[in-house]
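Each chain, letter by letter, is given below.
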Amino acid sequence: MNQPASAYFLEERHDPNETHTLSVLVQNEPGVLARVIGLFSGRGYNIDSLTVSETESHKHLSRITIVTTGTPTVIEQIKHQLDRMIPVYRVVDMTITGRSIERELAMVKVRGRGDSRVEALRLADAFRARVIDATTESFVFEITGNSSKISQFIDLMRPLGLVEVARTGVAAIGRGPEGM
Amino acid sequence: MTDKSNDPNQMTGAAMIVRALIDHGVQHIFGYPGGAVLPIYDEIFQQSDVEHILVRHEQGAGHAAEGYARSTGRPGVVLVTSGPGATNMVTPLTDALMDSIPLVCITGQVPTHLIGNDAFQECDTVGITRPCTKHNWLVRDVNDLAKVLHEAFYVATTGRPGPVVVDVPKDVQFAVGTYHPPRKSDVHVSYTPRVKGDAAQIRKAVALLAAAKRPVIYSGGGVINAGPEASKLLRELVDVTGFPITSTLMGLGAYPATGKNWLGMLGMHGTYEANMTMHGCDVMLCVGARFDDRITGRTDAFSPGSKKIHIDIDPSSINKNIHVDVPIIGDAGNVLGDLLQVFKAEAKKPDIKAWWQEIAKWRARNSLAYKKSNDVILPQYAIQKLFEATRGHDTYITTEVGQHQMWAAQFFGFEEPHRWMTSGGLGTMGYGLPAALGVQVAHPDSLVIDIAGDASVQMTMQEMSTAVQFELPIKIFILNNQYMGMVRQWQQLLHGNRLSHSYSEALPDFVKLADAFGCVGIQAIKPGDLDGALKEMIKVKRPVLFDCRVAALENCFPMIPSGKAHNEMLLPAEATDEATAAAFAGGKALV
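Residues numbered from 1 in each chain as written. Chains lettered and ligands numbered in written order. Predicted model: local features only at pLDDT ≥ 70, side-chain atom pairs only at ≥ 80, totals over all residues. Heavy atoms only, no water.

(A) Seen up close, the environment of Ile 96 of chain A. All names here are of chain A. Looking at the element boundaries, Ile 96 is found in helix H3 (residues 94-97). As a C-alpha pair, Ile 96 and Thr 21 span 75 residues in sequence and 8.7 Å in three-dimensional space. Ignoring sequence-local partners within four residues, the contact set of Ile 96 consists of His 20 and Lys 79. (Helix = DSSP H or I, 4+ residues; strand = E, 2+ residues; numbered from the N terminus. Contact = heavy atoms within 4.5 Å.)

Okay, here's the thing in C-alpha cells:
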C-alpha cells in the first residue's frame, strides 16, 4: 500500500496473458522493420519471436511473423497499432483464426563421444532431425517443427553435450486454399 | 536520348520542394536556414508565392506551424536544416503527434555519400523522428522526391492527422530530376484511412441514444480536426437530442460555451457537473476523444454504469484505456452526419428532464468559484477580465502549460472551433508563444493572445523577436505568480509541501524585456489596473508582453485527486488544508 505519490494512476491491471502469432504484410521499404520493432519497444509490448523476409519481391512485400504475449486488451492494441502504420497492408492474428500452421527451424550443435553421442543421434532420429554436419566428436542437427517440439529437443540435448543453438523464429501460414 | 532541357518538369530537388509547396496551396512556411538546406533557401529567395517566416529557434518554427494548422485546418509547414535543426524539431513533432496536428516538416540532410559518416551536422533524422511522426521518409533519389512530398501532404492531412518528416540530402536538392504534380498513385496502397462509419454500428448507437435516461455527449479534438462541418453537426445533434455535452481540453469550441447544454470541460480540472454527469450517465457518446488518463481518473471506476459509444477515426483508440460497447470507426463529421440522419428518421427526443434536474444540483455547487480580492489579482479573475475585454473581437487564444492553461480552459468561453490552441497531450511548456505567431500569420487582422505563465513563457521567449520582425501583433498575457504553479500545486498536495525548485528566484522584468525586444510592455499589479491595461493591450497594434502579477499561491480547483474517480472531486469551497490532506492521503495509497 506504500506506493509513491504520483500524478498518474499507477495501479496495474492483471488480466491473464495470452500468446498470439501475428502475420504482418508490409511494404518492403527502408526502415519498415525498425518501425515495427520500435512500436513494440516504444509501447512496452513483448516480442517472443520475430521472423521477417521478403516474400513477393516483384511487389516489394515482406511478411513479418511476430509471436507476442499480453493481455487480450494489449493484443488488440498491438494489432491496431500495427495496422495503422503507413507501410502495413494487413495484420492477421493467426491464433484467433485458429486454422494456421506454425513452424520453426533450428540448428543444434552437440558435442560428445561414446554413449551420449549415440543417444543424441537416436533422439535426433526420433524427432526427425537431420544431421547436416558431423565430426568425430560433434553433430549439427537441423530440426523443423513447432516451437515446443524444438524446445523439447534442445532440452533433451542439454545433458548430451549441447554447444549452441540457432533458431529462425516462427513462420506461420493459414490452412486451406485462401491467402491472408 | 530525348532532349529534356525544355521540359518544364525538369528541375532541381530544391526547386521541386518549393513547387510542391505551391501545388499544395502552401502560403506560409516556418523555418530556419542552415548548411544542409541552403539550396532550398536559394529557391525560396527567387519566388514570391510562399512566404517564409524566420524564427529564432527551430522549436519555435514547429509550434508556430502547429498554431497555424490548428487555427486554419490546413497543414503547417516547417523547413529546418540537418542535425540540430532536426533534433530541435523533436518536441513540436511529438506535440503534433499527441494532439493530431497536421505538420509537414522538411529537413535537410548531409549529402547521401556522407550519411553514416558522422559528418558535420549529421544526425539520423528518420531514426530519431520515427516514433514522433505519423510517417517519415529519407529521399535518396531526386526522381522519388515529388511522389514523397505529395504523399507526405496526404498522410499528414488525412485519417487521424499528424506530423510527417521528409529528409532530403543536400545532393538530392542539387540534383536535377522530373517533377510531377500531385496524383492519386502517389500514396501507399497500404494507407487507407476509413472515413465512413459502419451503418449497423450507427443503428446500434442510435438505439442506445434513443433509450437513454441519463445520457452525456463527450467530445474531443477529433471533432475540431474533422472540420467546421463536424462542429455544426455536433451542435445539431445536441439540439436534436437535448443531451448534455462536455468536452476535453482539445475539443473546446466545438460546442459553444454559451450553449444551454454545455457542462464545461471534464477531467482532472473539469467542472463538477461535467465529471458527475460522466460518472452517473447510462449512455455515453464519445466523439473524437480518446479516454486519456487526465480525463478518466481511475479507469476501473470510470463511468461504471454506462453503455459507451465511441466514434474515432483511429481504430487503435478503441478499447485502449476504456472498454466501449459500440465502437464506430470513421471521420467524426461523416459519422455524426449519418448518425443524425438515422436518429431523426427513427428516434425522438428522449425525456431526460429528471437527469437535467440532477445536473442542475451539481451545477449549483459552483465548482469554479474562487475568493475575489481587492488587493491582489486572482488568476481566475484576470482571465475573466481578459475574456470580457476581448468580447466582440475576432479572438484566438493559445496557452502554455500549467495552472494558467487550466484556468484559461475553465474561464475563457469558446464559441467556435479552431479558436483555442493548447498543448494537450504532450503538455509542452513554451508552446503558446510561437503557436500565437503561427495563428497571427494565418489571421493577420485577428486578436491573438497567448495566455501564459511566467515559467513557460521563458522557454520560447526568443520568438518575440520574430513577432517584431514580421510585425505580428501577438499579445502575451503572462499570469505571473513567480512559481511553476502546477508543479508547486502537486508538491503541496503530494510531496509534503516541499517546494523543490518550483520557485523562480530570479525573473526578468517583463516590461523591460518587452522594451529590449522592441515590443510593448504592460504591467498590472492591482485588480483595479486590469481594465485599463487590457484595453491598452488590445488597442496597440504591436506585439505585447503583459506582465499580470497574480496571487502567488492560488491553486487550481476543482480537481480529481490522482487515483480517484470522477465522483470524488475536490471542490474549491471544500479545499481547506485538512480536506485536501485527507483527500490526498487516501489517494496516496491508490496512486
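(B) Spatial organisation of the sheet that holds strand S4 (residues 76-80) of chain B. Residues and elements named next belong to chain B. Strands sit in the order S3-S2-S4-S5-S7-S6 across an open sheet of 6 strands; the sheet is parallel. The open sheet has two edge strands with one neighbour each: strand S3 (51-54) and strand S6 (135-138). Strand-to-strand twist across the sheet, computed as the mean angle between neighbouring axes with direction ignored, equals 20°. As paired strands, strand S2 (residues 28-31) and S4 are joined by 2 bridges and run parallel to one another. Bridge pairing in S4 places Gly 31 opposite Leu 79. (Pairing = 2+ DSSP bridges. Axes fitted to C-alpha atoms, helices over the stretch in contact; angles between N-to-C directions.)

(C) Region of the structure containing the packing of helix H1 (residues 32-42) of chain A against helix H2 (residues 72-83) of chain A. Residues and elements named next belong to chain A. The N-to-C vectors of H1 and H2 enclose an angle of 145°; their axes lie 11 Å apart at closest approach. Crossing of H1 against H2: the hand is right-handed. Across from Val 36, Leu 39 and Phe 40 in H1, the residues of H2 making contact are Ile 78, Gln 81 and Leu 82. (Left-handed = near helix turned anticlockwise from the far one by under 90°.)

(D) The domain arrangement of chain A, seen in detail. Residues and elements named next belong to chain A. Entries for chain A in the domain assignment read domain 1 (18-97) and domain 2 (101-174). One C-alpha centre belongs to domain 1, the other to domain 2, and the line joining them spans 28 Å. Residue-level contacts link 9 residues of domain 1 with 8 residues of domain 2. Overall, the association of domain 1 and domain 2 removes approximately 550 Å² of surface from exposure, summing both partners, and the carbon and sulfur fraction of that is 50%. Linking domain 1 to domain 2 there are 0 salt bridges. Partitioned by chemical class, the residues of the side of domain 1 that touches domain 2 number 3 nonpolar, 5 polar and 1 charged. (Domains from an automatic or database assignment. Buried area = accessible area lost by both parts, 1.4 Å probe. Salt bridge = Lys/Arg side-chain N within 4 Å of Asp/Glu carboxyl O. Nonpolar A, V, L, I, M, F, W, Y, C, P; charged D, E, K, R; others polar.)

(E) Spotlight on the side chain of Glu 104 of chain A. All names here are of chain A. Positionally, Glu 104 belongs in strand S5 (residues 100-111). Residue Glu 104 is classed as buried on the basis of its relative accessible area, which comes to 6%. A polar atom in the side chain of Glu 104 sits 3.3 Å from the backbone nitrogen of Gly 169. Among residues more than four places away in sequence, those in contact with Glu 104 are Ile 143, Thr 144, Gly 145, Ser 147, Ile 150, Arg 167, Thr 168, Gly 169 and Val 170. (Buried < 20%, exposed > 50% of the residue type's maximum accessible area, 1.4 Å probe, protein only. Polar contact = N/O pair within 3.5 Å; in protein donor to acceptor, adjacent residues only side chain to side chain.)

(F) Quick look at the pattern of salt bridges. Under the defined criterion, the tally for this structure stands at 23 salt bridges over all chains. Across the pair Asp 155 of chain A and Arg 158 of chain A runs a salt bridge, and its minimum N-O distance is 2.9 Å. Owing to a relative accessible area of 46%, Asp 155 of chain A belongs among the partly exposed residues under this scheme. The closest approach of N and O atoms between Arg 203 of chain B and Glu 346 of chain B, which form a salt bridge, is 2.5 Å. Here the residue Arg 203 of chain B occupies a position in helix H9 (residues 199-210), and Glu 346 of chain B occupies one in helix H14 (residues 332-346), the gap between them amounting to 143 residues. For Arg 203 of chain B, a relative accessible area of 43% translates into the label partly exposed. One network of salt bridges, with partners in common, ties together Arg 84 of chain A together with Arg 160 and Asp 314 of chain B.

(G) Examining the domain arrangement of chain B more closely. All names here are of chain B. What the domain assignment reports for chain B is domain 1 (10-186), domain 2 (199-363) and domain 3 (379-549). Each of domain 2 and domain 3 has a C-alpha centre, and the two are 31 Å apart. Across the contact, 17 residues belong to domain 2 and 17 residues belong to domain 3. The contact between domain 2 and domain 3 buries some 1400 Å² in all, and 65% of this surface belongs to carbon and sulfur atoms.

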